[in-house]
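Chain and residue survey
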Amino acid sequence: GDPKVGTTVAQKLMDAKVIAVIGHLNSGVTIPASEIYSKNGIPMVSGSATNPAVTERGLKGVFRTVGRDDQQGPALATYIATELKAKKVALIDDKTAYGEGLRSEVEKKLKADKIQVVDKATTTDTDTDFKAVLTKLKAKNPDVIFHGGMDQTGGPMIKQARELGIKAVFVFGDGACTDEMGKLAGAAAEGLVCSQAGLPREAASPTFSKAFTAKFGDIKQYAPYYYDGAMAVIEAIKKSGSVDPAKFGPEIYNVSFVGATGKVEFDAKGD
């Protein structure tokens with residue numbers, strides 16, 4: 001999620017004279033990188049960056065094929081309130097654009113629904129020891145702990161929470177809704193709740209699923225969204241009859257096709 005990674009990679013891709021970018025993974029990287037792409041007239045499509053700011057800055061040529069945190073966050077908060085019936089919730093985020101942004105959206109909806117937020121904490125996306133933070137939260141006895149972050153932090157966090165005797169249900173966003181969570185958390189992963197900012201991979205088209213698994217094995221979380229991102233660029237190239245980004249880039253706003261995740265179209269913002 002390091003913004004410096006975004007600018008460094010983006011500049012390397014500009015030097016390599018690419019005509020389009022299918023990426024990036026994290027919002028914290030995608031946001032600064034997209035500024036460079038847009039400035040240079042190179043379209044980009046992310047299949048996983050969910051922070052609203054990705055498409056809310058008025059930049060041309062910035063797209064995504066996945067949902068936004070201002071859709072995902074309220075849905076998570078509603079689930080916490082209605083399905084988990086939580087009375088007290090603690091919030092943790094990893095300080096990245098993704099984690100902090102999603103935590104903020106969850107928090108706004110919880111407060112609107114009069115669900116008590118008993119504590120908030122921040123970590124980083126490179127932390128591995130969460131016991132001090134978790135011990136502090138344990139004293140507040142929350143029913144639910146929400147973590148805005150990826151599986152690399154979410155896995156160790158839930159494992160350490162169970163070692164401390166914390167019984168709260170853990171809730172995560174799409175960044176921790178992965179097979180890797182099971183590997184990182186072990187038995188502690190049992191019972192966690194997580195969200196997907198779009199169709200789950202199991203709902204990807206049978207044609208895509210069969211072809212992908214035959215060539216690459218198990219479908220990773222965001223593969224169908226990135227496939228559709230690539231297809232959007234290809235469709236625009238076909239529509240314009242050109243591989244010049246100045247000509248096919250604007251056509252991405254006009255594509256309409258059925259991809260791995262269903263019907264794909266973009267609004268004026270690139271969502």
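Anyway, here's the lowdown on the structure attached to this text. The model shown is predicted, which means the values in this text are computed figures rather than measured ones. Counting starts from 1 at the beginning of each chain's written sequence and moves along it residue by residue. Restriction of local features to residues with pLDDT of at least 70 applies here, the model being predicted, together with a cutoff of 80 or more for giving and counting side-chain atom pairs; totals for whole chains, interfaces and linings are based on all residues. Note that the side-chain values use all heavy atoms of the structure and ignore hydrogens as well as water.

Under the DSSP-based scheme used, a helix requires at least four consecutive residues in state H or I and a strand at least two consecutive residues in state E, with every element numbered from the N terminus. The residue Thr-261 is located in the loop between β9 (257-259) and β10 (262-264) in this model. Burial classes: relative accessible area under 20% of the type maximum marks a residue as buried, over 50% as exposed, and values in between as partly exposed (1.4 Å probe, protein chains only). Residue classification places Thr-261 among the buried positions, given a relative accessible area of 18%. As used in this structure description, the phrase polar contact means that two N or O atoms lie within 3.5 Å; if the pair is within protein, one of them must be able to donate a hydrogen and the other to accept it, and residues adjacent in sequence are counted only when both atoms belong to side chains. Here Asp-228 takes part through its side chain, which lies 2.5 Å from a polar atom of the side chain of Thr-261.

Next up on the list: helix α6 (residues 151-163). Given a rise of 1.5 Å per residue, 13 residues ought to cover 18 Å, and the 18 Å separating the end C-alpha atoms of α6 matches this to within 8%. Those residues of α6 that are buried lie in contact with β4 (88-93), α5 (131-138), β6 (144-148), β7 (169-172) and α7 (180-185). Directly beyond the C-terminal end of α6, a positive phi value near 85° is found at Gly-165. Helix span, as expected, comes to 1.5 Å for every residue beyond the first. It only takes one pair of heavy atoms within 4.5 Å for two residues to be counted as in contact.

Here Asp-228 lies in helix α9 (residues 223-240). Assessed through its relative accessible area of 0%, Asp-228 is described here as buried. Spatially, the C-alpha atom of Asp-228 lies 9.0 Å from that of Gly-262, the residues being 34 residues apart in sequence. Among residues more than four places away in sequence, those in contact with Asp-228 are Thr-65, Phe-257, Gly-259, Ala-260, Thr-261, Gly-262 and Val-264. Within the local environment of Asp-228, its side chain forms a polar contact with the backbone nitrogen of Ala-260, the two atoms lying 2.7 Å apart.

Before going further, it helps to spend a moment on helix α4 (residues 97-112). Helix length check: α4 (16 residues) gives 22 Å between terminal C-alpha atoms against 22 Å at 1.5 Å per residue, within 8%. Where α4 is concerned, the buried positions are Tyr-98, Gly-99, Gly-101, Leu-102, Arg-103, Glu-105, Val-106, Glu-107 and Leu-110. Where α4 is buried, its residues contact α2 (27-39), α3 (69-82), β4, β5 (116-122) and β6. With its phi angle positive at about 65°, Lys-114 sits one or two positions after the end of α4.

On to the layout of surface pockets. A volume near 250 Å³ is recorded for the largest pocket. As for the largest pocket, its lining consists of 17 residues, and the residues nearest its centre are Arg-64, Thr-65, Val-66, Gly-67 and Thr-261. Broken down by element, the residue count for the lining of the largest pocket peaks at three residues, all from β10. Of the residues that constitute the lining of the largest pocket, the class distribution is six nonpolar, six polar and five charged. Site definitions follow a grid-based scheme: protein atoms alone, a 1 Å grid, a 1.4 Å probe that fits but cannot get out for cavities, and for pockets an open set with protein on both sides within 12 Å along at least five of seven lines, plus lining residues having an atom within 4 Å of a point. Grid points are joined across faces, edges and corners, and a volume is the space filled by probe spheres set on the points. Residues are grouped as follows: Ala, Val, Leu, Ile, Met, Phe, Trp, Tyr, Cys and Pro are nonpolar; Asp, Glu, Lys and Arg are charged; all remaining types, including Gly, are polar.

What follows covers the packing of aromatic side chains. Only Phe, Tyr and Trp rings are paired, with Trp represented by its six-membered ring, and only when their centres lie within 6.5 Å; those with planes under 30 degrees apart are stacked, over 60 edge-to-face, the remainder tilted. With the rule as written, the count across this model stands at seven aromatic pairs. With 6.0 Å between their ring centres and 20° between their planes, Phe-170 and Phe-172 make a pair best called stacked. Ring centres of Phe-212 and Phe-216 lie 5.1 Å apart, and the angle between their planes is 50°; on these two criteria the pair is classed as tilted. A residue pair is termed a helical-turn pair when its members lie 3 or 4 positions apart in one helix, as Phe-212 and Phe-216 do in helix α8 (residues 206-216) at four residues. Counting every residue linked through ring pairs, the aromatic cluster contains Phe-208, Phe-212, Phe-216 and Tyr-227.

This paragraph deals with the sheet that holds β5. Criterion used throughout: strands pair if DSSP finds at least two bridges between them. Strand order in this open sheet of five strands is β5-β4-β6-β7-β8, and the pairing throughout is parallel. Unpaired on one side and paired on the other, β5 and β8 (193-194) mark the two borders of the sheet. Alignment of β6 against β7, held across four bridges, turns out to be parallel. Residue pairing for β7: Phe-146 is matched across the bridge by Val-171. Lines fitted to C-alpha atoms define the axes, with helix axes restricted to the stretch in contact, and inter-axis angles between N-to-C directions lie between 0 and 180 degrees. Running at roughly 160° to β4, α4 makes contact with β4, β5 and β6 of the sheet. Set on the sheet, α6 makes contact with β4, β6 and β7; between it and β7 the angle comes to about 170°.

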